[in-house]
Amino acid sequence: MVVLRAGLCPGLTEEMIQLLRANGIRTVVDFVSSDLEDVAQKCSLSYKALVAVRRVLLAQFSAFPANGADLYEELKSSTAILPTGSPSLDRLLDSGLYTGEVTELMGAPGSGKTQVCLGIAASVSLGLKQHVLFLDSTGGFTASRLYQMLQAQTEDEEEQASFPGVEALQRIQVVRVFDIYEVLRALQDLRDRLSQQVVSSTGPLKIVVIDSVSAVIYPLLGGRQSEGLAIMMQLSRELKTLAREFSLAVVVTNQVTRDSSTGLLKPALGRSWSFVPSTRVLLESREATWGKGLTQRVASLAKSPRQPTGLQVELDIG
Amino acid sequence: MQREVGSLPLAPALRARLAAAGFQTAQELLETGPCGLSKEIGISKEEALEALQVVRQECHGDAARTAEGLGATRKFTALELLEEEQAQGFIITFCSALDNILGGGVQLTKITEICGAPGVGKTQLCLQLAVDVQIPECFGGVAGEAVFIDTEGSFMIDRVVDIAAACVQHCQLIAEAQQEEDHLKALETFSLESILSHIYYFRCCDYIELLAQVYLLPEFLSEHSKVRLVVIDGIAFPFRHDFEDLSLRTRLLNGLAQQLIIAANDHKSAVVLTNQMTTRIGQSQSTLVPALGESWGHAATVRLVFHWDNSQRLATLYKSPSQKEATIPYHITPHGFRDVQPPAVTQGAEGTEMNPRKRPRREEEKQ
């Protein structure tokens, strides 16, 4: 839906645009889909000039089909799999978080979503030495807990002498966004930085964590307004294009609500959102068996493009 | 600059017209200018000017804010946040077991929710916190003021007087034991009158007043910058009766939660809410769960549930970003919220690590 403007392509002059507009052709789509002979007659423009303009516009604005084999090669070289820091969760996700995709963690309050997000941030920052962008919309980000996790992970690797925790903490950037427009602004900011390839502050960024996406969208959904849905779809499109274009792994957390008819728990944000993430993991905390005395945390796979759904693993939130 | 028009905070009707006219990015809007815009979409020049101002603010907003300083943007590295958290104080509850499971006390910049059956002690803890937030820093407090928003009418001023008197007496005992300069100085300003004068009390009778109060809160907090605690006693009450449209209730509550977390974050204060319990009827049994539905459970960062076990009151930490789940007993005495029995005299190692200025108040507990 791009408006025809002078300078959009050579040969498209201001007078041409005025004449076209007088006949109801305002956007590129209108131009390309209209019958050029007809237009040439009505606007008294040269047919050859119109054909030349159309060719350039088509070249500029249409999508090109790609070869499946080429696409496969490209994905093989650009996709990375990021470990989540929890081996059982990695097994569930088929060895980790895939870049270029949106992964969703959902669960009841207190089931451990923020903890898993912190664990992912710690693992990526410490293990892979990559930068992490953490968008926090609930105020649940606790740096001291992250520090605890980093310490625990370093102990496993026996690098206690030179504790790299400080650099690991500096690689994690936290933005507090409490409003959907702030989320969109932060993502736009990220897009600008990545496309300009400013290496100094961002560093090699491979993962974006948003905790939680439902807290900012929930106040807008429902009622008679459809604006909430539109903004939610805007956000989902932004996340997916960011993930695909810049090879990022996007992790979002979602709430669960109770289905009014059946009384079972289901993910929040409705059916429209359920198409956005390619992988969905449900976190639950169950009352443990009598022997253990602690609550058990279980993660089950609700949607995945690679694994069969219904897989369950036990999580250990250290 | 390439911000999509759909993602800008404009009115939906305006957005629809812009999309129909073919505008895609904010850049195109700014290039067109107000006259061109009003002609193309068919709105008045004033409206076009307003819309462009909003767009300009959104796009240039970030640049302007980073020039002003870190306070306006909310971007930090985890290291900076860690340093900030370690320097932050906690609001102690005078019940050391509860402080321990909370990790030192009620945390600033977070929303803490207290759920419980009637009569278990939620309002008592709120009153105790409203007094405790004012404890001077040399005694281990945060020296702040308190805002108390009451929806149920359960704020008893006589009780606050009792609790405040006990707190002042406690601090006086510490000062006598330690005999330090700053203690005596602080005690001059820490008296019953000053405690009562720094609790700002609001009474809201229905949910509209409550919503209005919360929306006006940021202004109030910027005028009274010493406020470190906002208590809303009874957030469930106005929303539970008289509400037919449940989806509206969910939306309002979620919006309220976001407003509160913004206020907590920007003004570095703790927000404490109390919630009621409701019965969920399962297949074979019924359980008591916090009211206001599933989605409300996500609003609070820390959730405490108070319940009875025969005649002993227990507090369980159900949800916390940094502490494990635990249950402890507590007691409500004429002096306020306290531990069940005097805890061990040996200095807890965590106590000194958390806040080196926390004095050993355990010896003085035998009141």
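Each remark here, short or long, concerns the structure printed above.
These remarks concern the structure in this document. (Residues numbered from 1 in each chain as written. Chains lettered and ligands numbered in written order. Predicted model: local features only at pLDDT ≥ 70, side-chain atom pairs only at ≥ 80, totals over all residues. Heavy atoms only, no water.)

**Let's talk about the nonpolar core**
Part 1 of the argument: Grouped together as the largest cluster of nonpolar side chains are 50 residues, with contacts concentrated most on Ile91(B), Leu98(B), Phe139(B), Leu229(B) and Phe306(B).
Part 2 of the argument: It is helix H7 (residues 157–178) of chain B that contributes the most residues to this core, eight residues altogether.
Part 3 of the argument: Not counting chain neighbours up to four residues away, the residues in contact with Leu229(B) comprise Ile91(B), Leu129(B), Ala130(B), Val133(B), Glu145(B), Ala146(B), Val147(B), Ser269(B), Ala270(B) and Val272(B).
Part 4 of the argument: Core analysis: the second largest hydrophobic core is formed by 40 residues, Leu150(A), Val174(A), Leu315(A) and Phe76(B) among them. (Core = buried A, V, L, I, M, F, W, Y, C linked by side-chain atoms within 4.5 Å. Buried < 20%, exposed > 50% of the residue type's maximum accessible area, 1.4 Å probe, protein only. Helix = DSSP H or I, 4+ residues; strand = E, 2+ residues; numbered from the N terminus. Contact = heavy atoms within 4.5 Å.)

**Some details on the environment of Leu301(A)**
All names here are of chain A.
Part 1 of the argument: Looking at where Leu301 falls in the secondary structure, it is placed in strand S11 (residues 296–303).
Part 2 of the argument: For Leu301, a relative accessible area of 3% corresponds to the buried category.
Part 3 of the argument: Along the primary structure Leu301 and Val53 are separated by 248 residues, whereas in three dimensions their C-alpha atoms are 51 Å apart.
Part 4 of the argument: The contacts of Leu301, once residues within four sequence positions are left out, are Leu92, Thr279, Arg280, Val281, Gln307, Pro308, Thr309, Gly310 and Leu311.

**A closer look at the interface of chain A and chain B**
Part 1 of the argument: In this assembly, 60 residues from chain A lie in contact with 51 residues from chain B.
Part 2 of the argument: Carbon and sulfur atoms supply 51% of the area buried between chain A and chain B, which totals about 4900 Å² over both sides.
Part 3 of the argument: Three residues, Arg176(A), Phe178(A) and Arg185(A), lead the burial of chain A against chain B; their summed loss comes to 15% of the area buried on that side.
Part 4 of the argument: Summed over the shared surface of chain A and chain B, the result is one salt bridge.
Part 5 of the argument: Note that Glu325(B) is salt-bridged to Arg297(A), the shortest N-O span being 3.7 Å.
Part 6 of the argument: Viewed at the interface, chain B and chain A are joined by ten residue pairs in polar contact (both at pLDDT 80 or more).
Part 7 of the argument: Elements with a contribution of two residues or more to the side of chain A that touches chain B: helix H7 (113–127), helix H8 (143–157), helix H9 (165–171), strand S5 (172–176), helix H10 (180–196), helix H12 (213–217), helix H13 (227–246) and strand S8 (256–258) of chain A.
Part 8 of the argument: If one sorts the elements of the side of chain A that touches chain B by residue count, H10(A) sits on top with seven residues. (Buried area = accessible area lost by both parts, 1.4 Å probe. Salt bridge = Lys/Arg side-chain N within 4 Å of Asp/Glu carboxyl O. Polar contact = N/O pair within 3.5 Å; in protein donor to acceptor, adjacent residues only side chain to side chain.)

**Topic: the pattern of salt bridges**
Residue and element names in this part refer to chain A.
Part 1 of the argument: Here the structure, examined in full by the defined rule, presents nine salt bridges over all chains.
Part 2 of the argument: Across the pair Glu73 and Lys76 runs a salt bridge whose closest N-O atoms are separated by 4.0 Å. With Glu73 and Lys76 both in helix H5 (residues 68–78) and three residues apart, this pair spans about one turn of that helix.
Part 3 of the argument: Residue Arg280 pairs with Glu104 through a salt bridge whose shortest N-O separation is 2.7 Å. Of the two residues, Arg280 is situated in strand S10 (residues 279–286) and Glu104 in strand S3 (residues 102–107); the sequence distance between them amounts to 176 residues.

**Overview of unusual backbone geometry**
Residues and elements named next belong to chain A.
Part 1 of the argument: Here the bond from Asp211 into Ser212 is cis, since omega is -10°, no more than 30 degrees from zero.
Part 2 of the argument: One can find Ser212 in the loop between strand S6 (205–211) and H12.
Part 3 of the argument: Residue Ser95 is not a glycine yet carries a positive backbone phi of 80°.
Part 4 of the argument: Considering the arrangement of structural elements, one finds Ser95 in the loop between helix H6 (87–92) and strand S2 (97–98).
Part 5 of the argument: A positive phi angle, close to 75°, is found at Leu269, a residue other than glycine.

**Some words on the environment of Leu242(A)**
Residues and elements named next belong to chain A.
Part 1 of the argument: Locating Leu242 in the fold gives a position in helix H13.
Part 2 of the argument: A relative accessible area of 2% means that Leu242 is categorised as buried.
Part 3 of the argument: Taking the C-alpha atoms as reference points, Leu242 and Ser272, 30 residues apart in sequence, are found 19 Å from one another.

**Description of the sheet that holds strand S5 (residues 145–150) of chain B**
Residue and element names in this part refer to chain B.
Part 1 of the argument: Sheet architecture is open: nine strands sit in the order S6-S5-S7-S8-S4-S11-S12-S13-S14, paired in mixed fashion. Two strands lie at the open edges of the sheet, namely strand S6 (199–203) and strand S14 (336–338), each paired on one side alone. Shown here is a sheet whose adjacent strand axes are inclined to one another by a mean of 25°, direction ignored.
Part 2 of the argument: The pairing of S5 with strand S7 (residues 227–233) spans six bridges and is classified as parallel. Across the sheet, the residue bridging to Val147 is Val230, located in S7.
Part 3 of the argument: Helix-sheet contacts for helix H6 (residues 122–132) involve strand S4 (111–116), S5, S6, S7, strand S8 (270–275), strand S11 (302–309), strand S13 (326–333) and S14, and the interaxial angle to S8 is about 165°.
Part 4 of the argument: Set on the sheet, H7 makes contact with S6, S13 and S14; between it and S14 the angle comes to about 50°. (Pairing = 2+ DSSP bridges. Axes fitted to C-alpha atoms, helices over the stretch in contact; angles between N-to-C directions.)

**Regarding helix H4 (residues 78–87) of chain B**
Part 1 of the argument: For H4(B), every residue scored as buried is listed here: Ala78(B), Leu79(B), Leu81(B), Leu82(B) and Glu85(B). Axial view of H4(B): buried residues confined to an arc of 160°, hence all on one face. (Arc of directions from axis to C-beta.)

**Here's the deal with the packing of helix H10 (residues 207–223) of chain B against helix H12 (residues 246–266) of chain B**
All names here are of chain B.
Part 1 of the argument: Taken N-terminus to C-terminus, the directions of H10 and H12 make an angle of 20°; their axes are 10 Å apart at the nearest point. The angle between H10 and H12 places the two elements in the roughly parallel class. Classified by chirality, the crossing of H12 by H10 is left-handed. Along its contact with H10, which presents Tyr207, Leu211, Val214, Tyr215, Leu217 and Leu221, the element H12 presents Leu252, Leu256, Gln259, Leu260 and Ala263.
Part 2 of the argument: Counted by class, the contact of H10 with H12 contains ten nonpolar, one polar and no charged residues. (Parallel < 35°, antiparallel > 145°, perpendicular 65-115°, else oblique. Left-handed = near helix turned anticlockwise from the far one by under 90°. Nonpolar A, V, L, I, M, F, W, Y, C, P; charged D, E, K, R; others polar.)

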